[in-house]
Amino acid sequence: MTFDPFSGLDRLAQDLTTQLRTGPRAVPVDLFKEGDRYVLSADLPGVDPGSIDIDLDGHLLTIRAERTAAAHEGVQWITRERRPGSYLRQFTLGEGVDTERISANYDNGVLSVVIPLVERAKPRKIQVGSADEQTSISA
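Structural notes, computed from the coordinates. None of the values given here were measured: they were computed from a predicted structure.

A few points about the overall build of the protein chain
For step 1, the next point in the chain: Check the secondary structure of the protein chain and you find one helix and eight strands.
For step 2, the next point in the chain: Along its sequence from the N terminus, the protein chain presents helices and strands in the succession α-β-β-β-β-β-β-β-β.
For step 3, the next point in the chain: Counting across all 139 residues of the protein chain, residues that qualify as buried make up 21%.
For step 4, the next point in the chain: Looking at the protein chain alone, contacts between residues at least 24 apart form 53% of all its contacts between residues at least 6 apart.
For step 5, the next point in the chain: For the protein chain, the computed accessible surface area is about 10,900 Å², with 50% contributed by carbon and sulfur atoms.

Structure representation (structure tokens):
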């Protein structure tokens with residue numbers, strides 16, 4: 001095992017940078033398409049579900065949340081990496097999304113947002129017929 005005199009300094013610099021950072025933090029997400037809907041899963045551990053705010057303005061979906069500091073009176077912190085603060089993430093939704101049927105669920109620190117497709121945007125098969133089966137269209 002080797003001694004690295006700068007590892008402690010690096011950790012201190014990282015802690016100070018994290019503490020000095022202002023503004024909301026980004027929310028890590030997974031996004032996948034499942035059949036006729038998109039599913040967005042956002043990690044929000046330790047967040048009070050009542051603080052989660054999801055807005056849709058046109059095609060802009062905004063997720064906001066707040067993690068409050070735990071009240072621990074008279075303790076001496078050894079390390080404190082789970083910082084309180086606000087979280088923000090925005091997504092631009094494309095055409096073909098049924099914005100009236102978007103739903104959300106929060107379970108075990110994960111926010112799941114289901115974004116269904118409108119009927120006309122769903123993939124479909126188009127049958128290919130022979131030239132004999134086609135009808136002519138007159139203008």
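Some remarks on the sheet that holds strand 4 (residues 53-57)
For step 1, the next point in the chain: In space, the four strands of this open sheet follow the order 1-6-5-4, with mixed pairing throughout. Whereas interior strands pair on both sides, the edge strands pair on one side only; in this sheet they are strand 1 (25-26) and strand 4.
For step 2, the next point in the chain: Judged from the five bridges that link them, strand 4 and strand 5 (residues 60-67) form a sheet pairing that is antiparallel. Residue pairing in the sheet places Asp-55 in a bridge with Thr-62 of strand 5.

Section: the nonpolar core
For step 1, the next point in the chain: If you look at the biggest cluster of nonpolar residues, it comprises 16 residues, and the most contacted ones within it are Leu-44, Leu-111 and Val-113.
For step 2, the next point in the chain: Residue assignment for this core shows that the elements contributing at least two residues are strand 3 (37-43), strand 5, strand 6 (85-92) and strand 8 (110-116).

Quick notes on the sheet that holds strand 2 (residues 29-34)
For step 1, the next point in the chain: Strand order in the open sheet made by the four strands is 2-3-8-7, with antiparallel pairing throughout. Each end of this open sheet is capped by a strand with a single partner; those strands are strand 2 and strand 7 (103-107). On average, each strand axis in the sheet is tilted by 15° relative to the strand beside it, whichever way the strands run.
For step 2, the next point in the chain: The pairing of strand 3 with strand 8 spans seven bridges and is classified as antiparallel. Within strand 8, the residue paired with Asp-43 across the bridge is Val-110.

A closer look at the environment of Asn-108
For step 1, the next point in the chain: As for its placement among the helices and strands, Asn-108 is situated in the loop between strand 7 and strand 8.
For step 2, the next point in the chain: Look at Asn-108 and you get exposed, because its relative accessible area is 73%.
For step 3, the next point in the chain: Separated by 61 residues in the primary sequence, Asn-108 and Val-47 place their C-alpha atoms 9.9 Å from one another.

A word on the side chain of Asp-98
For step 1, the next point in the chain: Looking at the element boundaries, Asp-98 is found in the loop between strand 6 and strand 7.
For step 2, the next point in the chain: For Asp-98, a relative accessible area of 15% puts it in the buried group.
For step 3, the next point in the chain: If sequence neighbours within four positions are ignored, Asp-98 has contacts with Pro-116, Leu-117 and Val-118.

Comments concerning the pattern of salt bridges
For step 1, the next point in the chain: Under the definition given, this model contains three salt bridges.
For step 2, the next point in the chain: Its salt-bridge partner being Asp-98, residue Arg-101 comes within 3.0 Å of it at the nearest N-O pair.
For step 3, the next point in the chain: Arg-101 sits in the exposed class, given a relative accessible area of 52%.

What about the pairing of strand 2?
For step 1, the next point in the chain: Across six bridges, the pairing between strand 2 and strand 3 is antiparallel. Bridging across to strand 3, Glu-34 finds its partner in Arg-37.
For step 2, the next point in the chain: A loop of two residues connects strand 2 with strand 3, the two strands running antiparallel in sequence, and Gly-35 in this loop sits at a positive phi of about 65°.

Rules of the game
Residues numbered from 1 in each chain as written. Predicted model: local features only at pLDDT ≥ 70, side-chain atom pairs only at ≥ 80, totals over all residues. Heavy atoms only, no water. Helix = DSSP H or I, 4+ residues; strand = E, 2+ residues; numbered from the N terminus. Buried < 20%, exposed > 50% of the residue type's maximum accessible area, 1.4 Å probe, protein only. Contact = heavy atoms within 4.5 Å. Areas by Shrake-Rupley, 256 points an atom, 1.4 Å probe, with all protein chains shown as cover. Pairing = 2+ DSSP bridges. Core = buried A, V, L, I, M, F, W, Y, C linked by side-chain atoms within 4.5 Å. Axes fitted to C-alpha atoms, helices over the stretch in contact; angles between N-to-C directions. Salt bridge = Lys/Arg side-chain N within 4 Å of Asp/Glu carboxyl O.

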